Amino acid sequence: MPEARPTTDLLQIGDVADRTGLSLRTIRHYEEVGLLPEPQRSPGGFRLYSELAVERLLLIKRMKPLDFTLEQMRDLIDVRDELARPRLTRARRTELTEHLRTYHALVEHQLRRLRERVESAEAFARQLGDEID
């Protein structure tokens, strides 16, 4: 049985919220929908999160503005987790890398859409500014 990590390496939910810029409610939601593993608990019942959980939340936070669905977030996290495993067959690693390549293309597409929206908003701001002057 693996040895439990000391709680000094773990963060309470408020500290995680401060580090990630996410609300307590959002962190709990990601936990409930399975994007975040169930946290450990302190003797007093407080949620305790690892650095890995913080990194995962930061990844989720990066996906959110790109309109990733919860299913896509879960899938991408699973792909990255599996790619991090040391004993993958070459074929499986290739398959997962291709899957990752698909997500990379989706991110590039979403970035183009965001840039177009920003350009449109900037043009509108200029138009209003011109009307003020």
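This text goes with the structure placed above it.
About the thresholds
- Residues numbered from 1 in each chain as written.
- Predicted model: local features only at pLDDT ≥ 70, side-chain atom pairs only at ≥ 80, totals over all residues.
- Heavy atoms only, no water.
- Helix = DSSP H or I, 4+ residues; strand = E, 2+ residues; numbered from the N terminus.
- Rg over C-alpha atoms; globule rule 2.2 N^0.38 Å.
- Buried < 20%, exposed > 50% of the residue type's maximum accessible area, 1.4 Å probe, protein only.
- Contact = heavy atoms within 4.5 Å.
- Salt bridge = Lys/Arg side-chain N within 4 Å of Asp/Glu carboxyl O.
- Core = buried A, V, L, I, M, F, W, Y, C linked by side-chain atoms within 4.5 Å.
- Arc of directions from axis to C-beta.
- Phe/Tyr/Trp six-rings, centres within 6.5 Å; stacked < 30°, edge-to-face > 60°.
- Axes fitted to C-alpha atoms, helices over the stretch in contact; angles between N-to-C directions.
- Parallel < 35°, antiparallel > 145°, perpendicular 65-115°, else oblique.
- Left-handed = near helix turned anticlockwise from the far one by under 90°.
- Nonpolar A, V, L, I, M, F, W, Y, C, P; charged D, E, K, R; others polar.

This part takes up the overall build of the protein chain. The secondary structure content of the protein chain amounts to five helices and three strands. Helices (α) and strands (β) of the protein chain occur, in sequence order from the N terminus, as β-α-α-β-β-α-α-α. Relative to the 2.2 N^0.38 estimate, which gives 14 Å for 133 residues, the radius of gyration of the protein chain is 20 Å and therefore markedly larger than a compact globule would have. Expressed as lengths along the three principal axes of its C-alpha atoms, the size of the protein chain is roughly 70 × 45 × 20 Å. Put simply, the protein chain has 133 residues, and 28% of those count as buried. Taking the intrachain contacts of the protein chain between residues at least 6 apart in sequence as the baseline, contacts between residues at least 24 apart amount to 52%.

A side chain with one charge can pair with a side chain of the opposite charge if their charged atoms come near. Counted by the stated rule, this structure contains six salt bridges. R92 is paired through a salt bridge with E95; the nearest N and O atoms lie 2.6 Å apart. Taken together, the positions of R92 and E95, both in helix α5 (residues 90–132) and three residues apart, correspond to about one turn of that helix. Here R92 falls in the partly exposed class, since its relative accessible area comes to 27%. The exposure class of E95 is partly exposed, given its relative accessible area of 48%. Across the pair R101 and E98 runs a salt bridge whose closest N-O atoms are separated by 3.0 Å.

Counting residues in hydrophobic clusters, the biggest one holds 22 residues, and the most contacted among them are V16, I27, Y49, L57, I60, M63 and F68. Residue assignment for this core shows that the elements contributing at least two residues are α1 (13–20), α2 (24–32), α3 (51–63) and α4 (70–83). Tallying contributions element by element places α3 first for this core, with six residues. Residue contacts for Y49: discarding those within four places in its chain leaves D9, L10, L11, Q12, I13, V16, I27, E31, L36 and P39.

Turning next to α1. Given 3.6 residues to a turn, an α-helix orients residues that are three or four positions apart in the same direction. All of the buried residues along α1 are I13, V16, A17 and T20. Buried residues of α1, viewed axially, fall in a sector of 100°; they line one side. Lining the buried residues of α1 we find β1 (11–12), α2, β3 (47–49) and α3. In the stretch just after α1, G21 is the one whose phi turns positive, near 75°.

So, about the packing of aromatic side chains. All told, the structure shown has one aromatic pair when counted by the stated rule. Where F68 meets Y103, the ring centres are 5.9 Å apart and the plane angle is 20°; that geometry is what we call stacked. A residue pair is termed long-range when its members are at least 10 positions apart, and F68 in the loop between α3 and α4 and Y103 in helix α5 qualify at 35 residues. Using a relative accessible area of 5% as the deciding quantity, one classes F68 as buried.

On to the packing of α4 against α5. Two elements in contact, α4 and α5, have axes whose closest approach is 10 Å; the angle formed by their N-to-C orientations is 140°. The angle between α4 and α5 falls in the class oblique. Classified by chirality, the crossing of α5 by α4 is left-handed. Facing Q72, D75, L76, V79, R80, E82 and L83 of α4, the residues of α5 in contact are R92, R93, L96, T97, H99, L100, Y103 and L106. The residue makeup of the contact of α4 with α5, split by class, is seven nonpolar, three polar and five charged.

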